[in-house]
Amino acid sequence: MNDSLQGPVLETRGLHRTLGGGADKVHVLRGIDLALDRGRTYSIVGPSGCGKSTLLYLLGLLDRPDSGEIHLAGERVDLAGEAERTRIRGNKIGFVFQFHFLLSEFSSAENLMLPMLKQGRMDREEAYGRACHLLELVGLGDKTGRRGNQLSGGERQRVAVARALANDPELILADEPTGNLDFQNSLSLFEQLQELAHELNRTILVVTHNLELAKACDATFHMKDGVFEV
Amino acid sequence: MRQNILIAWRFLIAKKRAMLMSLAGIVFGVAFFIFTQAQTTGFEDFFIRTILGTNGTVRVQDEFQNTITSMMVTSEDQDGQFEIPLREGRSYVAGIRNPQQILQAVRKFSDVEGAAPVLRGDIQISSGFRTEAGRAIGIVPTEYIEVSDLEYQIVQGDLRVFENTPDAILVGNRLAERLAIMPGQFMLLSHLGQTRRYEVTGIFETGIDIFDKTHVFIHLQEARRLLNQMERVSYIQVMTKNPEKAPALARQMEHALGHYVASWQEREKSWLEVFRVLRLSSALSMSTIILIAGLGMFNTLAIIVMERSREIAILRSIGFSRHDVLTIFLFQGLIVYVLGTLVGFVLAAGLTKGVESLPIRIRGIFSTDHFVVTWSPWHYVAAAVVAGIVVIIAALIPARRAARVEPGDVIRGTGG
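Read on for a plain summary of the structure. Bear in mind that the values here come from a model prediction, so they are computed numbers and not experimental data.

This part is about the overall build of chain B. The helix and strand tally for chain B stands at 16 helices and 13 strands. At 33 Å, chain B has a C-alpha radius of gyration far larger than the 22 Å of a compact globule built from 416 residues. Seen through its principal axes, chain B has C-alpha atoms that stretch 105 × 80 × 35 Å. Scored against the burial criterion, the 416 residues of chain B give a buried share of 52%. Averaging the positions of the 42 positive and the 39 negative side-chain charges in chain B gives two centres separated by 12 Å.

Written out as structure tokens, the structure reads:
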């Protein structure tokens, strides 16, 4: 068996991150140790400004830690160069943000096809087929040709979830994915995320304020002042 | 790459109005750049053709002798004396003393297509009761047509009759008008009390107003008798294969022949300078229009970058590199550039073609009854290069800014 499939999908050791400078300098993360197993769902909860989102961006290689290590699928990635980080983001990590951030000039299917075609592993036809399949999985099989402004808030966020799965990533990072949705839509989306994680054997880490949703995950981390509370 | 072009195109058409304005700027800038260059170059080329057709490319003129002024210096011990050359000068002797020898020498230069002796002198021209001051040009017709466009400049009468009639005369059309004279009639030329009678066998029009108003052509032998100049000629008119190389050839000839030799570029220096300045001025004016269009495009792209920072962040998060983001915004500039330049080319060609047939009466340094234009691919290349430089700069700055967008900062800023 491949080593990368045996250990945790994601592991961090002593992550530190400071934002701002001078008098405005804030020590946001103060030594984060984390290990996420394959096929499980995790949540991070904590008060605003405790460093949840900052941690998520470090894990998603959208930001760099001041110190500490990040290992993704057995590979140390915090020291990777810009091009390598871009490649890892495209292949191994999927993002769902609070705002859907769909490209409004593209249809739902096209929004999903962009990351697939970018990686160059499939042609247009294959990418379109996979996009339709993923939209089917999130219940939008009949809205593949709709643009963002022709979808409801909940539908857009489900397209964003499907987009996060486009390249079959090892890890899906979700930052307040239901933050803009009503309770019913939030619940539905979250259940869908969990189902997908279990069905596809993928790991999901969700940052949320919603304790009800957090409890539904396999494990929850409580964060305060840049560290996990025991 | 295909995705980047597709995203660029979709981003671009989402801002239709602003981009159409930028596109229109590039179209008009490119079109008017080419159009004005076609006109200024057209008139310049027409002027040069007129000048070359009348005066040839090179003229071998007055004989000269180098003179040296020197100073004798005596050594300190008074034993020796030596001479220090102080200044080199020239003394000129008007005209060419031994034209046949010079003609033979001139014809040996490889770039020379033809050479013809010319004797020129001021005269009084009379017809009926009217007299005008003018200038007689004595030529050997068969040789002179090799160094000029005289055979194409005859507007009435026949050059062949002139060639075969020793006492024939060709008269400039403006002079013919003033003297109310036509082919078949006779006129008198006077010089220093001597008067001779000539039959008008043709009217010519060179297009140079002053030439057509004052000049007449007669046979060289007749000119010698009239002007009482039996040996010398005033100059030798030369036509060369490559008019652009005339200055270099003139320097070589001058050195070899010991005669002052003037190229057409030297003779028409002031007019050529006027045309050059006009061409440069119109190019600068039209480049300004392209520059303003570039500023408009810069503004539009900068706004797109600001408005699209979230989309740029998401593109980065789904595997698009900084370089991809840079190329997406550069492609937007490139699309506007390619479309603008191509439409500009078509508009320029249409305008140039349209103006070519517009009537305009010009009489002066040349003569024309319609707009003169030059169709040169270099005008199109120059316009494309100017527009290219402007668009690259206008697109590069916002594109670099877009590539520098930190997705974490953008998402953190909007995501709370």
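With that settled, the discussion passes to helix α10 (residues 246–257) of chain B. Residue and element names in this part refer to chain B. Between its first and last C-alpha, α10 extends 16 Å over twelve residues, near the 16 Å set by a 1.5 Å rise per residue. Within the span of α10, buried status applies to Ala 246, Leu 249, Ala 250, Met 253, Glu 254 and Leu 257. Take α10 and look down its axis: the buried residues cluster within an arc of 140°, on one side only. Opposite its buried face, α10 presents the exposed residues Arg 251, His 255 and Ala 256, each directed more than 90 degrees away. Where α10 ends, the next residue or the one after it, Gly 258, has phi of about 70°, a positive value.

Let us now look at the sheet that holds strand β6 (residues 93–96) of chain A. All names here are of chain A. Within the open sheet, the six strands sit side by side as β6-β7-β8-β3-β9-β10. Their pairing is mixed. Edge positions in the sheet fall to β6 and β10 (227–229), since each of these pairs with one other strand and no more. Geometrically, the sheet is characterised by an average inter-axis angle of 25° between neighbouring strands, direction not taken into account. Relative to β10, strand β9 (residues 219–224) runs antiparallel, the two sharing three bridges. Within β10, the residue paired with Lys 224 across the bridge is Val 227.

Before going further, it helps to spend a moment on the state of the cysteines. Evaluated as defined, the whole model comprises zero disulfides over all chains. A:Cys50 carries a free sulfur, and the closest cysteine sulfur to it, the one in A:Cys217, is 16 Å from it.

Bringing the sheet that holds strand β2 (residues 26–36) of chain A into the picture now. The strands that make up a sheet pair up through hydrogen bonds in the backbone, lying either parallel or antiparallel. Residue and element names in this part refer to chain A. In spatial order, the strands read β2-β1-β4-β5; together these four strands make up an open sheet with antiparallel pairing. Only two strands of the sheet have a single partner each, and these edge strands are β2 and β5 (75–76). Bridge count between strand β1 (residues 10–19) and strand β4 (residues 67–72): five bridges; the pairing is antiparallel. Looking across to β4, one finds that Glu 11 is bridged to His 71.

A complete count under the given rule lists 14 aromatic pairs over all chains for this structure. Between the aromatic rings of B:Phe28 and B:Phe32, the centroid separation amounts to 6.3 Å while the plane-to-plane angle is 25°, which identifies the pairing as stacked. Here B:Phe32 and B:Phe28 lie together in helix α2 (residues 16–55), a separation of four residues that amounts to about one turn. With 5.3 Å between their ring centres and 55° between their planes, B:Tyr144 and B:Phe217 make a pair best called tilted. Taken together, the positions of B:Tyr144 in helix α4 (residues 141–144) and B:Phe217 in strand β9 (residues 215–219) put the pair 73 residues apart, joining distant regions of the chain. B:Phe217 shares its class with B:Tyr144; the two are buried. An aromatic cluster is defined as three or more aromatic residues linked by ring pairs; in this entry it consists of B:Tyr144, B:Phe204, B:Phe211 and B:Phe217. Here the basic side chain of B:Arg10 rests over the ring of A:Phe106, its NZ or CZ set 4.6 Å away from the ring centre. Sitting above the plane of the B:Phe11 ring, B:Arg308 keeps its charged end 4.2 Å from the centroid.

Here is what the cut-offs are and how they apply
Residues numbered from 1 in each chain as written. Chains lettered and ligands numbered in written order. Predicted model: local features only at pLDDT ≥ 70, side-chain atom pairs only at ≥ 80, totals over all residues. Heavy atoms only, no water. Helix = DSSP H or I, 4+ residues; strand = E, 2+ residues; numbered from the N terminus. Rg over C-alpha atoms; globule rule 2.2 N^0.38 Å. Buried < 20%, exposed > 50% of the residue type's maximum accessible area, 1.4 Å probe, protein only. Lys, Arg positive; Asp, Glu negative; His and termini not counted. Charge placed at Lys NZ, Arg CZ, Asp CG, Glu CD. Expected span 1.5 Å × (residues − 1). Arc of directions from axis to C-beta. Pairing = 2+ DSSP bridges. Axes fitted to C-alpha atoms, helices over the stretch in contact; angles between N-to-C directions. Disulfide = S-S within 2.5 Å. Phe/Tyr/Trp six-rings, centres within 6.5 Å; stacked < 30°, edge-to-face > 60°. Lys NZ or Arg CZ within 6 Å of the ring centre and 35° of its normal.

Distances and angles like these do not, on their own, reveal function.
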